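# Structural description and commentary
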Amino acid sequence: GQQVMQIPQYQHVQEGEDFTTYCNSSTTLSNIQWYKQRPGGHPVFLIQLVKSGEVKKQKRLTFQFGEAKKNSSLHITATQTTDVGTYFCALGAGSYQLTFGKGTKLSVIP
Amino acid sequence: KAGVTQTPRYLIKTRGQQVTLSCSPISGHRSVSWYQQTPGQGLQFLFEYFSETQRNKGNFPGRFSGRQFSNSRSEMNVSTLELGDSALYLCASSLRDSGNTIYFGEGSWLTVV
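Everything in this summary refers to the structure shown in the same document. Quick caveat, the model's predicted, so the values are computed rather than measured.

This part covers the overall build of chain B. In terms of helices and strands, chain B carries zero helices and 11 strands. Starting at the N terminus and ending at the C terminus, chain B contains elements arranged as β-β-β-β-β-β-β-β-β-β-β. In terms of overall dimensions, chain B is globule-like: its C-alpha atoms have a radius of gyration of 13 Å, near the 13 Å expected for 113 residues. In terms of principal-axis extent, the alpha carbons of chain B reach across some 35 × 25 × 25 Å. A buried classification covers 48% of the 113 residues belonging to chain B. Of the contacts made within chain B by residues no fewer than 6 positions apart, 54% connect residues no fewer than 24 positions apart. Of the roughly 5,300 Å² of accessible surface on chain B, 48% is carried by carbon and sulfur atoms. In chain B, 11 positive and 7 negative side-chain charges are present, and the distance between their average locations comes to 2 Å.

Shown next as structure tokens:
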């Protein structure tokens, strides 16, 4: 089945710095989703990207889907302590058999 | 609107025992899927149910099974527990099918000793 590589595995940033996590696939994706999981919590859906070259923003979060639909990124501007958690990309298949990346664990140093 | 409810939240079992986990989806949601989360393997798909039918199954041994009831509530069962089954088991529900946002429950933390 399809797989996705997510990097980096860990990222430590000073509060106020930017943060980016990347997902890469060797095959063309029909769509990609992003989730956030706070420490001790459960994954929470953030967004779904479907179109080639799509860019969506949610306040300080910017999501991009590559032109070839083989990669995606999540960028957080001016991180805050509330951004702490693990960010996952996920490939959606029919009937919601999601294939998750390994996640990027973000730590924010106040 | 109540979210996805999973019970029990925490449990400890002994190797060889079996366990049943329960999931109540958001009202009106008919698709329920299950995931296993471990530090080593990450989030892995177990199976998905829609209208009491299993539509998809992940790559897990037959010891892992599930079912869905007519009210969309779902249960998953793990028999002959192994130490490696220790994990967070997450249930997720959605309205119908692809294109609908899925919502995860808080999960059931299973420890096998």
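On to the sheet that holds strand E1 (residues 5–7) of chain B. Within a beta sheet, neighbouring strands are joined by backbone hydrogen bonds and run either parallel or antiparallel to one another. Residues and elements named next belong to chain B. Within the open sheet, the four strands sit side by side as E1-E3-E8-E7. Their pairing is antiparallel. Each edge of the open sheet is held by one strand with a lone partner, namely E1 and strand E7 (64–68). Taking the axes of each pair of neighbouring strands and ignoring which way they run, one obtains an average angle of 15 degrees across the sheet. Across three bridges, E1 lies against strand E3 (residues 19–24) in antiparallel orientation. Counted as the bridge partner of Thr5 is Ser24 from E3.

Think of a disulfide as a covalent bridge from one cysteine sulfur atom to another cysteine sulfur atom. All names here are of chain A. Tallying each qualifying case throughout the model produces two disulfides over all chains. For Cys23, the disulfide goes to Cys89, at an S-S distance of 1.7 Å. Taking the sign of the S-S torsion, about -90 degrees here, the bridge from Cys23 to Cys89 comes out left-handed. One end of the pair, Cys23, is in strand E3 (residues 19–24); the other, Cys89, is in strand E9 (residues 85–91), and 66 residues separate them in sequence.

Turning our attention to the pairing of strand E11 (residues 108–112) of chain B. Residues and elements named next belong to chain B. Of the two faces of E11, only the one carrying Ser108, Leu110 and Val112 is buried; Trp109 and Thr111 on the other face are not. The pairing of strand E9 (residues 87–94) with E11 spans three bridges and is classified as antiparallel. Looking at E11, one finds that Leu88 is bridged to Trp109.

Before going further, it helps to examine the pattern of salt bridges. Two side chains with opposite charge may pair up if their charged atoms get near one another. All names here are of chain B. Scanning all chains against the criterion turns up eight salt bridges over all chains. The salt bridge involving Asp85 is made with Arg63; its shortest N-O contact spans 2.8 Å. Residue Asp85 is found in the loop between strand E8 (74–78) and E9, and its partner Arg63 is found in the loop between strand E6 (53–57) and E7; the two are separated by 22 residues along the sequence. In this structure, Arg67 and Glu75 form a salt bridge, with 3.3 Å as the shortest nitrogen-oxygen distance. Here the residues in one salt-bridge network are Arg63, Glu82 and Asp85, joined through shared partners.

What counts and what doesn't
- Residues numbered from 1 in each chain as written.
- Chains lettered and ligands numbered in written order.
- Predicted model: local features only at pLDDT ≥ 70, side-chain atom pairs only at ≥ 80, totals over all residues.
- Heavy atoms only, no water.
- Helix = DSSP H or I, 4+ residues; strand = E, 2+ residues; numbered from the N terminus.
- Rg over C-alpha atoms; globule rule 2.2 N^0.38 Å.
- Buried < 20%, exposed > 50% of the residue type's maximum accessible area, 1.4 Å probe, protein only.
- Contact = heavy atoms within 4.5 Å.
- Areas by Shrake-Rupley, 256 points an atom, 1.4 Å probe, with all protein chains shown as cover.
- Lys, Arg positive; Asp, Glu negative; His and termini not counted.
- Charge placed at Lys NZ, Arg CZ, Asp CG, Glu CD.
- Pairing = 2+ DSSP bridges.
- Axes fitted to C-alpha atoms, helices over the stretch in contact; angles between N-to-C directions.
- Disulfide = S-S within 2.5 Å.
- Salt bridge = Lys/Arg side-chain N within 4 Å of Asp/Glu carboxyl O.

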